[in-house]
Structures are given as structure tokens and as C-alpha cells.
Amino acid sequence: METTPDNYLVIDTETNGPPNSEVRVVQLGWCVVKDRVVASSGHINLFDTSMVMSKAAQDVHGLSLEHLKNTGADPGQIFQAFRGMLKEFIEDGGYALVGQNLVGFDAAVLMHEFDRHKCKNFVFNSAPIVDVGVAYKAYQLHDRRAANEGFWAYFRRVRAIRAKGVKWSIVHCMKMFHLPVDSTHAHNAEYDCMCAHQVYEKMREQEIIEKVLWPGRYEHEQSGARQAAFRPGGGV
């Protein structure tokens, strides 16, 4: 990833508990963005008879086992299809992978599900990736990616920093950029993907993505622009 991507796939998951080897994805969401415009989006519920649901998880997303039983698709088929989507857009299509807390949650649970359903492994830590919440956290901390630091390693490092008073949840980011929040759809995986897309584009408009991921290039370009302004015909 050489520059801030115009084309990217946003993903999000809702689960039956915290990220560990036993966690199950109960809802999968995605949003395909081409030339910075949403081309398609969707979500699907998942269910099989081995699933259990923690009360804490259900309180977050509101998905009961009874509801999933009536609306959920077979996880094995869905994860094979979703792995195909990652191949189509990320591995073959040159899209970036975008999400909210992707490096700390969604990637881990998806790797467990791919393994469980014998899907081809997807190497998250080498994919072109932007974690929007962690990028906003980095911006608040004035923490910039080093030239020799991989994107996955950078986002993992910043996510692990303990910083009192620094907030970076998707709802907080939406409010900071004056984006409307529909609480009735919060923690629907498709809606959360759309929120992450909106925050990403707002951070791009304000050059936050460039400042944290390519600080050397950004500073060089800004310096060049300032010098050009003082040349004959440069506007000063």
C-alpha cells in the first residue's frame, strides 16, 4: 500500500462472545468501496446447532439464538464465500482492507472461523490494512508510523498503548466528525461497516490518514506546497 486507497473492502463481525478459539461469528457485514463511493454492502446472520450465546454478547447486538435459528445461514458455506470475497478484492483486486478495531478483534475471530471451516488461510498481517479507530487513536497520540514499520504491526502497536482519556470507538469517532449515529442500528455489522467507511473518508478529507501512515511524505508535500506559494506566480 503506497498511498491512501480509493478502493477498499470494509468488514465487521458480531460474535457470541470475546475473541478466542471458541468464539463464533453470528453476523458478518461488508461494504465494498470503489473510487471512494459505496458500490455494495450487506450482512448475513449465521447459525448452527453447536452455537451458544453469552448474555453479554446478546446485550450488545441483540441477536438471540432463536432469532439466528430462524434467519441464519450455514457458516461453512458463508465463510467459504467470504474467503472468496477477500481473494477477489484484496488478493487479486488490489483493494485495501478497512475496519474498526480490525487488528484487535475481527481478524482474530475470522482466522478462527476460517480454520474451523477449512478455508484457505488469509494472511491479515501482510494485507494492505487501515484500522480506522486505531488510526484516530494514533492521531490523538501524535504517534506516526515509521518508514520501516508494517501497517499491521503499526496498528497493533498503537492499539496496545494505554492512554487515559483517549477515545476511539466508532461511536466516538462518528461524533467527533459530526456524523449522525443511528442507535437503533448500532452493532449491526453492515451498519458498522458503513460507519467505518464514513469515518475513514472524513479522516481522509482532513488528511489524518496521510499524517499517521505516511508522515514523511505528508510533511515533504506540505513543505513543497509552502515553498511553491512563495515562488513567482505562486500566489503570494
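Parameters and conventions
- Residues numbered from 1 in each chain as written.
- Predicted model: local features only at pLDDT ≥ 70, side-chain atom pairs only at ≥ 80, totals over all residues.
- Heavy atoms only, no water.
- Pairing = 2+ DSSP bridges.
- Helix = DSSP H or I, 4+ residues; strand = E, 2+ residues; numbered from the N terminus.
- Buried < 20%, exposed > 50% of the residue type's maximum accessible area, 1.4 Å probe, protein only.
- 1 Å grid on protein atoms, 1.4 Å probe; cavity = no way out; pocket = protein on both sides within 12 Å on 5 of 7 lines; lining within 4 Å.
- Points joined across faces, edges and corners; volume = space filled by probe spheres on them.
- Nonpolar A, V, L, I, M, F, W, Y, C, P; charged D, E, K, R; others polar.
- Arc of directions from axis to C-beta.
- Contact = heavy atoms within 4.5 Å.
- Salt bridge = Lys/Arg side-chain N within 4 Å of Asp/Glu carboxyl O.
- Axes fitted to C-alpha atoms, helices over the stretch in contact; angles between N-to-C directions.

Examining the pairing of strand S3 (residues 37-45)
Of the pairings in the sheet, the one linking strand S2 (residues 25-34) to S3 comprises eight bridges and is antiparallel in character. Across the sheet, the residue bridging to Cys-31 is Ser-41, located in S3. Between S2 and S3, which pair antiparallel in sequence order, lie two residues; one of them, Asp-35, sits at a positive phi of approximately 55°.

Examining unusual backbone geometry
Although it is not a glycine, His-142 adopts a positive phi angle of roughly 55°. The residue His-142 is located in the loop between helix H5 (132-141) and helix H6 (151-160) in this model. Of the residues examined, His-142 reaches a relative accessible area of 63% and is grouped as exposed. Phi is positive for Glu-207, which is not a glycine, with a value near 60°. Checked against the element boundaries, Glu-207 lands in the loop between helix H8 (189-205) and helix H9 (208-213).

Topic: the layout of surface pockets
Reported here for the largest pocket is a volume of approximately 520 Å³. Looking at the largest pocket, it is lined by 26 residues, and the ones nearest its centre are Thr-13, Glu-14, Val-60, His-187 and Asp-192. Elements represented by at least two residues in the lining of the largest pocket include exactly strand S1 (8-15), helix H1 (55-61), helix H4 (102-116), helix H7 (170-176) and H8. Class assignment for the residues of the lining of the largest pocket results in 13 nonpolar, nine polar and four charged.

Comments concerning H5
Among the 10 residues in H5, seven count as buried, and that is most of the element. Restricting attention to buried positions, one finds in H5 the residues Val-132, Gly-133, Val-134, Ala-135, Tyr-136, Lys-137 and Ala-138. Downstream of H5 by one or two residues, His-142 has phi in the positive range, about 55°.

Thoughts on H6
For H6, the set of buried residues is Phe-151, Trp-152, Tyr-154, Phe-155 and Val-158. For H6, the angular spread of the buried residues around the axis is 165°, confining them to a single face. Where the residues of H6 are buried, they touch H4, strand S5 (129-131), H5 and H9.

Some thoughts on the pattern of salt bridges
For side chains of opposite charge, pairing can occur when their charged atoms come near one another. Taken as a whole, this structure holds 11 salt bridges when the rule is applied. Residues Glu-201 and Arg-36 are paired through a salt bridge, measuring 2.8 Å at the closest nitrogen-oxygen approach. Within this pair, whereas Glu-201 is found in helix H8, its partner Arg-36 is found in the loop between S2 and S3, the two being separated by 165 residues in sequence. With a relative accessible area of 34%, Arg-36 lands in the partly exposed category. Here Glu-91 makes a salt bridge to Arg-83, at a shortest N to O gap of 2.9 Å. Residue Arg-83 is classed as buried on the basis of its relative accessible area, which comes to 5%. Connected via shared salt-bridge partners are Arg-24, Asp-48, Glu-113 and Arg-116.

Here's the deal with the sheet that holds S3
With mixed pairing, five strands are arranged side by side in an open sheet as S3-S2-S1-S4-S5. The sheet is open, and its two edges are formed by S3 and S5, each paired on a single side. Within the sheet, the average angular offset between the axes of one strand and its neighbour, ignoring direction, is 20°. Pairing of strand S4 (residues 96-99) with S5 involves three bridges; the strand directions are parallel. Residue pairing in the sheet places Leu-97 in a bridge with Ile-129 of S5. With respect to the sheet, H5 is in contact with S4 and S5, its orientation differing from that of S5 by roughly 65°.

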